[in-house]
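Per-entry structural report
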Amino acid sequence: MVAWDIRPQGVQGQLKVTGTHAGDLEKALTALMTTMSEAAQAAGTAVPGAQATTPLQGPVAPGQAPLSQKALGPVAAALGEYLGEREKDFKAMAERIEAAVLGAVEATNAYCEGDLEAAEHAQNAAKAVRLDLLKDTGGHR
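Residues numbered from 1 in each chain as written. Predicted model: local features only at pLDDT ≥ 70, side-chain atom pairs only at ≥ 80, totals over all residues. Heavy atoms only, no water.

Considering the overall build of the chain
Secondary structure assignment for the chain yields three helices and two strands. Starting at the N terminus, the α and β elements of the chain follow one another as α-β-β-α-α. Buried positions account for 7% of the 141 residues belonging to the chain. Sequence separation of 24 or more characterises 61% of the internal contacts of the chain that already satisfy a separation of 6 or more. (Helix = DSSP H or I, 4+ residues; strand = E, 2+ residues; numbered from the N terminus. Buried < 20%, exposed > 50% of the residue type's maximum accessible area, 1.4 Å probe, protein only. Contact = heavy atoms within 4.5 Å.)

Re the nonpolar core
Formed by Met 36, Ala 40, Ala 76, Leu 79 and Leu 83, the largest nonpolar core amounts to five residues. Put simply, the parts of the chain that give this core at least two residues each are helix 1 (8-42) and helix 2 (74-128). Per-element accounting of this core gives the leading share, three residues, to helix 2. For Leu 79, the residues in contact, after removing those within four places along its chain, are Met 36, Ala 39 and Ala 40. (Core = buried A, V, L, I, M, F, W, Y, C linked by side-chain atoms within 4.5 Å.)

This is the structure in structure tokens:
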């Protein structure tokens, strides 16, 4: 028979540490996205300054500047493509972390429930002992 020795308080402590690291990872990925976006904007374009913006068609509110969109250069396009490819990896990381944490919680809860169930079985077995039979033996073998 396999014996398990899980300390729920220890698991809880490790899950808190894991949650902290997951939060740090989220901050790092957010910073990466922000920095990459800034780098793409700062990289410039391969077109002359007057053509660096593309006027957009559509109504404009009175007193507002005409709509325009900055032209993307090759560096910005490459960074956008890189991040687009990595997005699924980032999402997979987050999903794995979440699954691992939830799995540890469920396993620990099942372990605790098993302990309670085992304790209940032991109590029921103790209640089922017929004390009158033990008294008849007089304590001798």
